[in-house]
Amino acid sequence: YGGNYRTGKVVVFNSDTDGVRWSNIDGGIGGTAAIRLRHAALYTTQSGRIYVNGIVQTIIMPRTANDPGWNPSGFSYYTLTASLNAGTNNTIEFY
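A brief report on the enclosed structure follows. For clarity, every value in this text was computed on a predicted model and none was experimentally measured.

Within the protein chain one finds 0 helices and 8 strands. Counting every position in the protein chain, which comprises 95 residues, the buried fraction comes to 29%. Partitioning the contacts of the protein chain with sequence separation of at least 6, the portion at a separation of at least 24 is 63%. On the protein chain, roughly 6,100 Å² of surface is accessible, and the fraction owed to carbon and sulfur atoms is 49%.

Mapped onto the secondary structure, E93 falls in strand β8 (residues 92–94). Engagement of the side chain of E93 in a polar contact is seen with the side chain of R21, the distance being 2.9 Å. One polar contact links E93 to Y95, side chain to side chain, over a distance of 3.2 Å.

Now for the pattern of salt bridges. If you walk through the whole model with that rule in mind, you get 1 salt bridge. For E93, the salt bridge goes to R21, with nearest N and O atoms at 2.9 Å. Of this pair, E93 sits in strand β8 while R21 sits in strand β3 (residues 20–22), and the two are 72 residues apart along the sequence. For E93, a relative accessible area of 15% translates into the label buried.

Each value, and the rule that gives it
- Residues numbered from 1 in each chain as written.
- Predicted model: local features only at pLDDT ≥ 70, side-chain atom pairs only at ≥ 80, totals over all residues.
- Heavy atoms only, no water.
- Helix = DSSP H or I, 4+ residues; strand = E, 2+ residues; numbered from the N terminus.
- Buried < 20%, exposed > 50% of the residue type's maximum accessible area, 1.4 Å probe, protein only.
- Contact = heavy atoms within 4.5 Å.
- Areas by Shrake-Rupley, 256 points an atom, 1.4 Å probe, with all protein chains shown as cover.
- Polar contact = N/O pair within 3.5 Å; in protein donor to acceptor, adjacent residues only side chain to side chain.
- Salt bridge = Lys/Arg side-chain N within 4 Å of Asp/Glu carboxyl O.

Spelled out as structure tokens, the structure:
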């Protein structure tokens, strides 16, 4: 997985093949969960793919404030729902 990791909290995607994977996500008793992503799309609306346990969703993230300093005012939130397995047998991938 490519990308430029900054401060352990921000991932910068430089191409369509960059991504991040979270493994061993605790789904509690399982079922539908809300997943919230904080994002910045400085210049244009961006699309991405999120896989939750292998099931893909395409997401569209609107352009945010033009803030190249990565200040909180330049971020927005995107929330989606997905099914999680019970326990820690869950993987989320974002491209």
